[in-house]
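# An overview of the molecular structure
Here is what each chain is made of, one letter per residue.
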Amino acid sequence: MKGTVHYSVDGELAILRIDNPPVNPLSSGVRQGLFDGLTAALADDAVKAIVLYGEGRAFIAGADISEFGGESKGPGLHECLNLMEFGEKPVIAAINGTAFGGGLEVALCADYRVIAPKAPVGLPEVKLGLLPGAGGTQRLPRLVGAEKALGFILSGDPIPGPVAKDLGIVDDVIDGDDFIAGALAWARAAVADGKGKKRVRDLTDKVAADRGNVEIYDAARKNAARKMRGRFAPEMIIQCVEAAVEAGDFDAGMKVEQENFAKCLKHPQREALIHLFFSEREVAKIPDVPKGTEVKKIESAGVVGCGTMGGGITMCFANAGIPVTVLEMNQEAIDRGMGIIRRNYDGMVQRGRISAEAAEKRMALISTTLAYEDLGQADVVVEAVYENLDVKKKVFEEFEKVCKPGAIIASNTSGLDVDAMASVTSRPEDVIGLHFFSPANVMRLLEVVRGEKTSATTIATSMALGKILGKVAVLSGNAPGFIGNRMLGGYTRQAGEMILQGATPYQVDKVIGGFGMPMGPFQMNDLVGLDLGWRARKLAGLKPEEVPITARVADKLCELERFGQKTNRGFYIYQEGSRAGQPDPEVVKIVEETSAELGITRTAIDDEEVLDRCILALVNEGARILEDKIAIRACDIDIVYINGYGFPEVTGGPMFWADQMGLDVVLKKIEGFREKYGDFWTPAPLLERLAKDGKSFASLAQG
Ligand code: 3H9
């Protein structure tokens, strides 16, 4: 059994210390220990009150997520909670650190709660596709009312101790260096004052005040529909809180909670979201970069280029409190770039995301220069210049001249050869790719690209830097397009082919949007600008017949000066100032003409095929990426797609989505497409092998 609870008696107090490192989840051994400890304390006449706290940095991080879906061992959590609630001795939860999910619910079941100022409390279950299933949806409304309870549970975000006190979730904040000593003193005083049982289940005033106020739930439903489109758990949560208030009877509400919790537990979204929780932690583990590898301190940074990417990367460092010097070619470029950074921070202040003071602090961390020498003392330098290998190599030659020994030398390339850049330096071990995604100050993904000679220390430092910058860092091998952009090629190609074969751009975008992506491929084209590819093809001197057929429609639109959102016309028409495009029959005509010119007979393509061809193109390339060892595990690819490309979280990422479908089904579909549409659809050998062996992509990680 995993985890334990240490039991001791100190005078009139029984002390239960939960011990399940590092964050004390409620694993089987903890539940057993709680059950045994509570039973012993209730049977001991000398004990007048019971105190619970956690060993180390957490109180209790919640249910043990790894146990979901498996066989349950030992007593259930509800058996422990019954002992706490119906035992005759008061229980005091001493919340020394993180109290999340089932952890906070244990505390809510206690009679009294005291908290350390820095301890965060939260009910993050919704983020895992679950709801608080240990009485949280019933007890919290009794403490804070339905509206606040719904806000708290539906956001899943934590709050610090003092805020929990103001809300009425805890009784007292205990300051001082020794929280446990303070909490025990509080408990002794409670015994001395004759404080007895004070069950949250018996509180009635808040729920009685809210009874009949349906507006609370209407507002919560509207909010959930806007912020958590397509999610299953929010409605389940709202029903539980509604039951807490409207049923009035605690046990009737608990019954609804139990039923809805079971529904969430069985739902595929829950499985996908828990897959992502563990995957986010898994991607930090790199087999040949063991724990304990030296991680260099990053206390200053340099960025070359203050355009869209460079400016965003500069903000990332400043946001993390790291002084950063940004270099540009001339003062005008600096002024333009710094102006945008200033506007971004002002916008954040206006939206209430940060205080004006914080914005000024961040601006003050940014300095500018025209001279490479000024980057000489930086612990890390990142180039974010035009995506061209020769241009980037020139920047690396400058880095070679000025950077101090041991500085991390990075490129923000989105797919070029990192080794080629390293080759112009004498220190390839310090060179790495740090591929930020646009807008760099917003997007969570950081693709870290290892070159052939990149050292373990450089990798470990870069992964740690990702965390400092608030990113999720995923390691990729150095091959064209790395993980993300390499996979994207097939996806966009399929979208392009389908509109020539019979779909419309609007159908494709609608299907992809319905799947949960923030936008479809043609909306994305309009956002990025159709002219970028068109100009590049012109520059390369391609003859009309050499232009890939999937680019023909976009090029025709560009000839009509329809460059996308920037000209209010592209695949869609945009009203001035609006980003929501309207379909345009003219575009459909151009698409149809292009099909005719290419001799393609258009036939209707159903929505299922549209989705399969886009997503299975990703999956098939993902399998090749795994086979080529560009990605370490399938879950690394999932994390890249979720955090860098807006792949819907509730699917668990493309590779998990394929595993859920069954790789035999995936293979059959891909083979069908190959028969119909040709060799693009040759199945990846790894996919064929796994499908034939009845295995999944996830099984590769287990060896
Ligand atoms: C729930 O409670 C349901 C109830 O309502 C109903 C019950 C009937 N379980 O994140 P870290 C592992 S649902 C198992 O790197 P940090 C984690 O995988 C639960 N394992 O540290 C990692 O393992 P490894 C509601 C867990 O300091 C290690 O601990 N609770 C759990 O950056 C360290 O984690 C939540 O959703 C868990 N519950 O952050 C809380 N939690 O080292 C989820 C962590 O092998 N947890 N692990 O990779 C968190 O948000 C963060 O882990 C926490 C610590 C903030 C606690």
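Residues numbered from 1 in each chain as written. Predicted model: local features only at pLDDT ≥ 70, side-chain atom pairs only at ≥ 80, totals over all residues. Heavy atoms only, no water.

### As for the site of the ligand
The local shell around the ligand holds 24 residues, among which Arg57, Gly102, Glu105, Glu125 and Arg281 are the closest. Measuring from an oxygen atom of the ligand, one finds a side-chain N or O atom of Glu125 at 2.5 Å. Within the complex, 76% of the 1000 Å² of free accessible area of the ligand lies under protein. When residues of the shell around the ligand are traced back to their parent elements, those giving at least two are α3 (102–109) and α12 (268–282). At three residues, the largest contribution of residues to the shell around the ligand is made by α12. (Near = heavy atom within 4 Å. Polar contact = N/O pair within 3.5 Å; in protein donor to acceptor, adjacent residues only side chain to side chain. Areas by Shrake-Rupley, 256 points an atom, 1.4 Å probe, with all protein chains shown as cover. Helix = DSSP H or I, 4+ residues; strand = E, 2+ residues; numbered from the N terminus.)

### Considerations on the packing of helix α25 (residues 607–627) against helix α28 (residues 663–677)
Running from N to C, α25 and α28 point in directions that differ by 105°, and their axes come no closer than 11 Å. Between α25 and α28, the angle is such that the two are roughly perpendicular. Of the residues in α28, those in contact with Glu608, Glu609, Asp612, Arg613, Leu616, Val619 and Asn620 of α25 are Val666, Lys669, Ile670, Phe673, Lys676 and Tyr677. In terms of residue class, the contact of α25 with α28 is built from six nonpolar, one polar and six charged. (Axes fitted to C-alpha atoms, helices over the stretch in contact; angles between N-to-C directions. Parallel < 35°, antiparallel > 145°, perpendicular 65-115°, else oblique. Contact = heavy atoms within 4.5 Å. Nonpolar A, V, L, I, M, F, W, Y, C, P; charged D, E, K, R; others polar.)

### Re the domain arrangement of the chain
Once the domains are mapped, the chain shows domain 1 (4–266), domain 2 (301–479), domain 3 (503–597) and domain 4 (607–702). Here domain 1 and domain 4 have C-alpha centroids that lie 40 Å from each other. (Domains from an automatic or database assignment.)

### Notes on the side chain of Glu447
Counting through the fold element by element, Glu447 comes out in strand β17 (residues 445–450). The side chain of Glu447 is buried and forms no salt bridge, while Arg486, the nearest opposite charge, is found at 10 Å. Among the polar contacts made by the side chain of Glu447, one reaches the main-chain amide nitrogen of Gly484 at a distance of 3.0 Å. Leave out the neighbours within four places in its chain, and Glu447 touches Gly433, Leu434, His435, Phe437, Val474, Ser476, Phe482, Ile483, Gly484 and Val640. (Buried < 20%, exposed > 50% of the residue type's maximum accessible area, 1.4 Å probe, protein only. Lys, Arg positive; Asp, Glu negative; His and termini not counted. Salt bridge = Lys/Arg side-chain N within 4 Å of Asp/Glu carboxyl O.)

### A closer look at the sheet that holds strand β10 (residues 172–173)
An order of β1-β2-β3-β5-β7-β10 is seen for the six strands of this open sheet, with the pairing classed as mixed. At either end of the open sheet lies a strand with only one pairing partner, and these are β1 (4–10) and β10. As paired elements, β1 and strand β2 (residues 13–19) share seven bridges and run antiparallel to each other. Looking at the pairing, Ser8 lines up with Ile15 of β2. (Pairing = 2+ DSSP bridges.)

### Things to note about the packing of aromatic side chains
The geometry of an aromatic ring pair is captured by two quantities: the separation of the ring centres and the angle between the planes. Enumeration over the complete set of coordinates arrives at 16 aromatic pairs. Look at Trp534 and Phe563: their rings are 5.6 Å apart centre to centre, the planes differ by 40°, and that puts the pair in the tilted class. Highlighted residues: Trp534 in helix α22 (residues 531–539) and Phe563 in the loop between α23 (552–559) and β19 (572–573), separated in sequence by 29 residues. Every member of this aromatic cluster is reached through a ring pair, and the members are Phe437, Phe515, Tyr641, Tyr645, Phe647 and Trp657. Sitting over the face of the ring of Phe277, Arg281 holds its NZ or CZ atom 3.7 Å from the ring centroid. Positioned above the aromatic ring of Tyr677, the side-chain terminus of Arg613 is 3.9 Å from the ring centre. (Phe/Tyr/Trp six-rings, centres within 6.5 Å; stacked < 30°, edge-to-face > 60°. Lys NZ or Arg CZ within 6 Å of the ring centre and 35° of its normal.)

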